[in-house]
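Chain residues, written in single-letter form:
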Amino acid sequence: QSNNAPSSYDPHEIAITGYLQTQYQRAQSGGINSFSGGDFAKNSKDRFMIRRGRLKIDRADKYSSIVFQIDATQNGVQLMDAFIQLHQPNSKQLMFTAGLFNRPFGYSIVYSSGYRDFPERARVFQTLMPRERDLGAMISFRPDNKAFHFLTAEVAVINGSGHSARDYDSKKDIVGNLGFKFDSLANGKLHLGFGGSIYKGYVRSNTDTLMRSNGNGFIKDGNTSYTDSYAKRDYYGANLQLQYDNPLGSTSFKAEYIGGKQPGVAGSSKLAGPLASQSFSAQPETNLYLREFSGYYLWFSHRISKTKFTALAAYDVYDPNNEVNESEIGAANNNTTSGDIKFSTLGYGMSYLINGRLKLTLYNEHVVNDKTQLPQYLDDIKDDVFTARLQYRW
Amino acid sequence: QSNNAPSSYDPHEIAITGYLQTQYQRAQSGGINSFSGGDFAKNSKDRFMIRRGRLKIDRADKYSSIVFQIDATQNGVQLMDAFIQLHQPNSKQLMFTAGLFNRPFGYSIVYSSGYRDFPERARVFQTLMPRERDLGAMISFRPDNKAFHFLTAEVAVINGSGHSARDYDSKKDIVGNLGFKFDSLANGKLHLGFGGSIYKGYVRSNTDTLMRSNGNGFIKDGNTSYTDSYAKRDYYGANLQLQYDNPLGSTSFKAEYIGGKQPGVAGSSKLAGPLASQSFSAQPETNLYLREFSGYYLWFSHRISKTKFTALAAYDVYDPNNEVNESEIGAANNNTTSGDIKFSTLGYGMSYLINGRLKLTLYNEHVVNDKTQLPQYLDDIKDDVFTARLQYRW
Amino acid sequence: QSNNAPSSYDPHEIAITGYLQTQYQRAQSGGINSFSGGDFAKNSKDRFMIRRGRLKIDRADKYSSIVFQIDATQNGVQLMDAFIQLHQPNSKQLMFTAGLFNRPFGYSIVYSSGYRDFPERARVFQTLMPRERDLGAMISFRPDNKAFHFLTAEVAVINGSGHSARDYDSKKDIVGNLGFKFDSLANGKLHLGFGGSIYKGYVRSNTDTLMRSNGNGFIKDGNTSYTDSYAKRDYYGANLQLQYDNPLGSTSFKAEYIGGKQPGVAGSSKLAGPLASQSFSAQPETNLYLREFSGYYLWFSHRISKTKFTALAAYDVYDPNNEVNESEIGAANNNTTSGDIKFSTLGYGMSYLINGRLKLTLYNEHVVNDKTQLPQYLDDIKDDVFTARLQYRW
């Protein structure tokens, strides 16, 4: 289920695996920004689309392997993964990975969308690490020693500009991850995982001014010229996974928190608010806004007894700016914009495993924002999304 | 030969099939609009090109299958097909298809370009259903009962915006098809197929004005604001295929007619006439022109005795506007444009099967338009195209 | 090692081979133009990137074969090769190739980047034949007769506009190549190859003026209108390869020279100098500058004894304009620009074969230009590049 691995480490010639997700979606209003498969076209409130069309082409030798992953949708054909992995002949204790791979941060980023119960990753992770991947190199350590086999440690050096760029600045970013996994506790009925991660990165300022929070919005800092200076992009994360097999079925609970500093820009007519705090793949041209953010998700899923049905419930929050109250956003002279608005999403639905390869998911997301003083966000905007998805994975 | 199927329904792991068409073309003049592989570059009257480079990657289980098809040419790498197909374990009587697939309209749209005798589909189909595909879901019915096995019925709900868009409006389109096929009549010498299709769709108006035909051109209808209103996009089609195996070889005749309503725009310096009545993949920004169109093709091919030669002859017509006479197009104040001009194409040539996989086709197309009052179309424009194509299919 | 061949001519169903090159690079300054994997982003002096991600999908029959090659990197997914190849059932003496293939010019163009010792082709070849490929047809001749088996002759007709265009003019270009290869001289210790090539092509002028060299720069030639006229694009090349297996290891020396006429444009703020003399994939809109150029490379590599280390040293030169002295470039009224500057590159490094599939290369390039009178090139610009590359090939 980790994207940072070949389909199997057993030596094999080319193997092609993959999955296809095709879906119908209906939004509460046309043209909304959405993290459920991307924004809707201007006048469109429903659509058919290929959400993900993945072909993974890999190969494994005794002590090296190679992975290509392609995403083919109506939006085009893109490279998702392309990495070389090295390890000792009889041990995967120490691994070196180089190329384009998933950032080793937390739990949900690296976890394959073909296996996830829920249709999408949480808004906070889509914003901070769009498309999950980056270019660089990684060292992973998982002790062979049975007593410590529960441990995984990873450190990566990456561009920081995502999966489709050759960096736009001269500082590299660092990601570190520590994970603990206990697979069969309580007579094999309880599976437990938890971990913590850090991200230390930088965003180059292209203007001589930084926008700093004063607790009530932003003030211009033009004391010195900040052109070519670097603003900190620091994240801290913690995650927990619990699965309990019980007479009523299999119940799983997953949660992940992330907080830190994200240099973004102002929301504007050219750049919709939810995208103002994203991690950029190219140099942001306008003033950087230094924000302290936080976000999390809670995922609850329950496979009903021995049926093929799984009940799904999720709640996630992303607050790009912890320091400003929603009611003050858009107030005169405090320089806040739609890029500072907090969004919460309550998702619920059901999935049905038609067979081992086919899964039908019906899922509704209720997206909520508090009232602000911005004309377009005087009230909760109507941006709920219903998704009916069919997936084939092999 | 249907694009809406895996390479085989027999359960199999990943299979890669495909074909490559590479060709040299010479046009009568440089920079012409062409439906023989796309418009020529501004000052170019001949070219080498990859017309289609198809890789079909599919997999079939007992009761489901998956198909990806990629088109790789000098123009880029694009997704053509990506669909999941479900049926009962021991019957393909009832099938459900979801994803990106060929619109089930008539005969030539769904028929693979790797098997077609003629280099291209008719102009009318290329205009109304560019690249054949759309996103949505389809139900197909073909009775297992031998007595009714000649029948195929299909209904699909689709975006209507084609193979590379996630719809631009909030109405979905419906396609229905009924086909009859009798494979071995007259002692197995005669093969007969025929059918009919409908398309019920919509195009959103982005302006407050519609251009309606008054029999002699278009008049502005701005009585009410038409912004956000939907114009009808309705097609009706009928098709016939005949193949007769005789002492002189194998003779085949195929014909297809389509007519109906197509909301287009005006031809202009920015949008060449032949593209003004195309089906759009994005919201047309300018006034919609409501046109009644008709078109057809006649395909005649004859495999010469037991040789590897096949003689080809075709005639096709597309009249985007049935209600206006060509001689009146461009007349003062009737709002007609190059988008209303009828084109007829006479094609003739020869193909040679070098071996089971290789086919060489030499084909000439004589494209004719009547005189209009438009400065660029005062006479038949010089837009014939000769094609020499080599195809490898496996 | 030739790109113009399937992975094997032995009849086989679909085979997927390929290689992945992932690398870290550090430039002497940010935003430089570079021929070591492409220009650096404006403010970036180091980067991780996928240099090449190649998947070759081919198939061979008794007397025909087909090859697709895809390049998948952070820049997108592109078609590199797509050709059909025909030969007699039991002989590859005479071959016909059609589609998208490597221009049969000299040695380094056709030689696969997955096998080359050095990270990149020389600047002169990258400029004159960007991405190596073009669309067209080729005849190759290599005598079956053992006495003449050392000979290869090739002639191709191509668009001349490269691997991603369907030509922009109406003249095709011709490439001819003659190669001699003696594989086991001096008791099998010496391997020798040499050859010569010509390229006869044309570039269409889009303006009524040509810029002609007067030995001291360019003068305007507007005597007659040159719009729609064609300027000559003529290259002559010679190449030599020597490999000597000796007690100290295996030493190889390769050299290639190319000279001729290249119609380019002026370097400008919109088009960086090193790109002004490139071969264009679309019609150049501005005045053509007729230049006489020359360039060469010297490649020296030595596999150290029986170790897995190979020492690398290279020197290459590209002078886009033989007729002007660097010190006069940018002088008043002589119409010279950054497009006329000569660049020399001294490269040196080491590669280490980790195993049969994996290769690590550390390589530094020292790029030198002479002083000119142009403000940006008053001195040698700081455009050295260091590359650390990991390659997996299978």
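(A) Here's a closer look at the overall build of chain A. Looking only at helices and strands, chain A features two helices and 18 strands. Principal axes of the C-alpha set define a box for chain A whose edges measure 60 × 45 × 40 Å. Of all 394 residues assigned to chain A, the portion counted as buried reaches 57%. Of all intrachain contacts in chain A linking residues separated by at least 6 positions in sequence, the fraction that spans at least 24 positions is 64%. Between the mean site of the 44 positive side-chain charges and the mean site of the 38 negative ones, chain A shows a separation of 6 Å.

(B) Quick look at a nonpolar patch on the surface. Residue and element names in this part refer to chain C. On the surface, a nonpolar cluster with roughly 560 Å² of combined accessible area is contributed by L242, F253, L298, F300, Y315, L346 and Y348. Among the elements of the structure, strand 14 (288–304) and strand 16 (343–353) are those that each provide at least two residues to the nonpolar patch. Mapped onto the elements of the fold, F253 is located in strand 13 (residues 249–264). Residue F253 is classed as partly exposed on the basis of its relative accessible area of 30%.

(C) View of the relation of the copies chain A and chain B. Overlay of chain A on chain B (RMSD 0.0 Å): rotation 120°, translation along the axis 0.0 Å. Taken together, the rotation and translation describe the operation of a three-fold axis. Minimal C-alpha distance to the rotation axis in chain A is attained by V77(A), lying at 3.7 Å. A different interface surface on each copy is seen, since only 6% of the contact residues of chain A are contact residues in chain B too.

(D) Inspection of the interface of chain A and chain C at higher detail. With 42 residues of chain A at the contact, the number on the chain C side is 33 residues. The contact between chain A and chain C buries some 2,800 Å² in all, and 67% of this surface belongs to carbon and sulfur atoms. Of all residues in chain A, F68(A), I84(A) and R166(A) give up the largest surface area on contact with chain C, accounting jointly for 25% of the area buried on that side. One can count two salt bridges joining chain A with chain C. D61(A) is the salt-bridge partner of R357(C), the closest N and O atoms lying 3.5 Å from each other. For the pair chain A and chain C, the number of links is 12 residue pairs in polar contact (both at pLDDT 80 or more). Counting residues per element, the ones that place at least two in the side of chain A that touches chain C are strand 1 (12–27), strand 2 (46–60), strand 3 (64–73), strand 4 (76–88), strand 5 (91–102), strand 6 (133–141) and strand 7 (151–158) of chain A. Here the side of chain A that touches chain C takes seven residues from strand 4 of chain A, the largest share from any one element. For the side of chain A that touches chain C, the class distribution of residues is 22 nonpolar, 11 polar and nine charged.

(E) Seen up close, the nonpolar core. Counting 66 residues, the largest nonpolar core has F68(A), I84(A), F68(B), I84(B), F68(C) and I84(C) as its most contacted members. Residues in contact with F68(C), not counting those within four places in the same chain, are Y19(B), L20(B), G53(B), R54(B), L55(B), W394(B), L55(C), K56(C), I57(C), L79(C), D81(C) and A82(C).

(F) Representation of the pattern of salt bridges in the model. Under the counting rule described, the total for this entry stands at 63 salt bridges over all chains. In this structure, the salt-bridge partner of D46(C) is R26(C), at a minimum N-O distance of 3.2 Å. With D46(C) in strand 2 (residues 46–60) and R26(C) in strand 1 (residues 12–27), the pair connects residues that are 20 residues apart, well separated along the chain. You can call R26(C) partly exposed: its relative accessible area is 38%. When the shortest N-O distance is used, the salt bridge between R131(C) and D71(C) registers 3.2 Å. Of the two residues, R131(C) is situated in the loop between helix 1 (123–128) and strand 6 (133–141) and D71(C) in strand 3 (residues 64–73); the sequence distance between them amounts to 60 residues. Overall, the relative accessible area of 28% leaves R131(C) in the partly exposed class. We classify D71(C) as buried; its relative accessible area is 3%. A single network of salt bridges, built from pairs that share partners, joins E13(A), R59(A), D61(A) and R357(C).

(G) How the structure looks around the pairing of strand 13 (residues 249–264) of chain A. All names here are of chain A. Burial analysis of strand 13 places 13 of its 16 residues in the buried class, which makes it a mostly covered element. Pairing analysis gives 13 bridges linking strand 12 (residues 230–246) to strand 13, with the strands arranged antiparallel. What sits directly across from Q241, in strand 13, is K254. Joining the antiparallel neighbours strand 12 and strand 13 is a turn of two residues. As paired elements, strand 13 and strand 14 (residues 288–304) share 16 bridges and run antiparallel to each other.

(H) Here's a closer look at the side chain of H12(C). All names here are of chain C. Note on placement: H12 falls in strand 1. Polar contacts involving the side chain of H12 include one to the side chain of D58, which spans 2.9 Å. Contact partners of H12, with chain neighbours within four places excluded, come to S7, D58, R59 and A60.

(I) Local environment of the interface of chain A and chain B. Residue-level contacts link 33 residues of chain A with 42 residues of chain B. Taken together, the two surfaces of chain A and chain B that pack against each other cover about 2,800 Å², and 68% of this comes from carbon and sulfur. Of all residues in chain A, N43(A), F48(A) and Y392(A) give up the largest surface area on contact with chain B, accounting jointly for 25% of the area buried on that side. Between the two partners, chain A and chain B, sit two salt bridges. Scanning the region where chain A abuts chain B turns up 12 residue pairs in polar contact (both at pLDDT 80 or more). Contributing elements (two or more residues each) for the side of chain A that touches chain B: strand 1, strand 2, strand 3 and strand 18 (385–393) of chain A.

(J) Broad picture of the side chain of T372(C). Residues and elements named next belong to chain C. Secondary-structure assignment places T372 in the loop between strand 17 (358–369) and strand 18 (385–393). The exposure class assigned to T372 is buried, which follows from its relative accessible area of 6%. Here the side chain of T372 touches L374 through a polar contact of 3.0 Å, landing on its backbone nitrogen. Within the local environment of T372, its side chain forms a polar contact with the backbone oxygen of Y377, the two atoms lying 2.9 Å apart. Ignoring sequence-local partners within four residues, the contact set of T372 consists of E326, I329, I341, Y377 and L378.

(K) Expanded view of the environment of D183(C). All names here are of chain C. Tracing the chain through its elements places D183 in strand 8 (residues 173–185). As a C-alpha pair, D183 and K232 span 49 residues in sequence and 37 Å in three-dimensional space. Those residues within four positions of D183 in sequence are excluded, and the remaining contacts are L190 and H191.

(L) Local environment of the environment of A15(B). Considering the arrangement of structural elements, one finds A15(B) in strand 1 (residues 12–27). Those residues in contact with A15(B) that lie beyond four places of it in its chain are S7(B), K56(B), I57(B) and D58(B).

(M) Focus on the packing of aromatic side chains. Using the criterion set out here, one finds 63 aromatic pairs over all chains in the structure. Pairing F125(C) with Y297(C) gives two aromatic rings, centres 6.1 Å apart and planes at 65°, and the pair type is edge-to-face. Here Y297(C) lies in strand 14 and F125(C) lies in helix 1, a separation of 172 residues in the sequence. The pair F125(C) / Y297(C) is uniform in exposure class, with both members buried. Ring-pair connections join several aromatic residues into one group, and the members of that group are F105(A), Y199(A), Y235(A), F293(A) and Y318(A). The ring of Y230(A) is capped by K171(A), whose NZ or CZ atom sits 5.2 Å from the centre of that ring. The ring of Y111(B) has K254(B) lying over it, and the distance from NZ or CZ to the ring centre is 4.9 Å.

(N) Broad picture of the pairing of strand 5 (residues 91–102) of chain C. All names here are of chain C. The pairing of strand 4 (residues 76–88) with strand 5 spans seven bridges and is classified as antiparallel. Looking across to strand 5, one finds that L86 is bridged to F96. Of the pairings in the sheet, the one linking strand 5 to strand 6 comprises nine bridges and is antiparallel in character. Note on strand 6: the bridge partner recorded for A98 is A137.

(O) Representation of unusual backbone geometry within the structure. The phi torsion at R131(A) lies on the positive side, around 60°, for a residue other than glycine. For S305(C), which is not glycine, the phi torsion reads 40° and is therefore positive. You can see S305(C) is positioned in the loop between strand 14 and strand 15 (309–319).

(P) How the structure looks around the environment of Q241(A). Residues and elements named next belong to chain A. Here Q241 lies in strand 12. For Q241, a relative accessible area of 12% corresponds to the buried category. Once the C-alpha coordinates of Q241 and A255 are considered, the two residues, 14 residues apart in sequence, prove to be 6.5 Å apart. Dropping the residues within four chain positions of it, Q241 is found in contact with Y107, H191, L192, G193, F194, F253 and K254. Here the side chain of Q241 touches N239 through a polar contact of 2.8 Å, side chain to side chain.

The rules behind these values
Within every chain, residues take consecutive numbers counted from 1 along the sequence as written. Each chain is given a letter, starting from A, and each ligand a number, starting from 1, according to the order in which they appear as written. In keeping with the model being predicted, local features are shown solely for residues with a pLDDT of at least 70 and side-chain atom pairs are shown and tallied solely at 80 or more, while totals for entire chains, interfaces and linings include all residues. With hydrogens and water set aside, each side-chain value is computed from the structure's full complement of heavy atoms. Secondary structure elements follow DSSP: runs of H or I no shorter than four residues count as helices, runs of E no shorter than two count as strands, and numbering proceeds from the N terminus. For every residue, the accessible area (1.4 Å probe, protein chains only) is compared with the maximum for its type, and the residue is labelled buried under 20%, exposed over 50%, or partly exposed between those bounds. What makes two residues a contact is simply this: any of their non-hydrogen atoms within 4.5 Å. Only four residue types enter the charge count, namely Lys and Arg as positive and Asp and Glu as negative; His and the chain termini do not. Charge positions come from single atoms, namely NZ of Lys, CZ of Arg, CG of Asp or CD of Glu. In this scheme, patches are assembled from residues that exceed 30% relative accessible area and form no salt bridge. Like charges are connected within 9 Å, while nonpolar side chains (Val, Leu, Ile, Met, Phe, Trp, Tyr) are connected within 5 Å. Only the protein chains shown count as cover for residues, with accessible areas throughout obtained via the Shrake-Rupley method and a probe of 1.4 Å. We define a salt bridge as a side-chain nitrogen of Lys or Arg found within 4 Å of a carboxyl oxygen belonging to Asp or Glu. Least-squares superposition aligns the copies on the C-alpha atoms of those residues with pLDDT at or above 70 in both. Summed over both partners, the accessible surface that disappears when two parts come together, traced with a 1.4 Å probe, is what is meant by buried area. Polar contact is the term for a pair of N or O atoms within 3.5 Å; when the atoms are in protein, one must be able to donate a hydrogen and the other to accept it, and sequence-neighboring residues count only if both atoms are side-chain atoms. Put simply, Ala, Val, Leu, Ile, Met, Phe, Trp, Tyr, Cys and Pro go in the nonpolar bin, Asp, Glu, Lys and Arg in the charged bin, and everything else, Gly too, in the polar bin. To qualify as a nonpolar core, a set must consist of buried Ala, Val, Leu, Ile, Met, Phe, Trp, Tyr and Cys residues joined through side-chain atoms within 4.5 Å. Paired strands, in this sense, are two strands between which DSSP finds at least two bridges. Two aromatic rings from Phe, Tyr or Trp, using only the six-membered ring of Trp, form a pair when their centres are within 6.5 Å; if the ring planes differ by under 30 degrees the pair is stacked, by over 60 it is edge-to-face, and anything between is tilted. Only when the NZ of Lys or the CZ of Arg is both within 6 Å of the ring centre and within 35 degrees of the ring normal is a charge said to sit over the ring.

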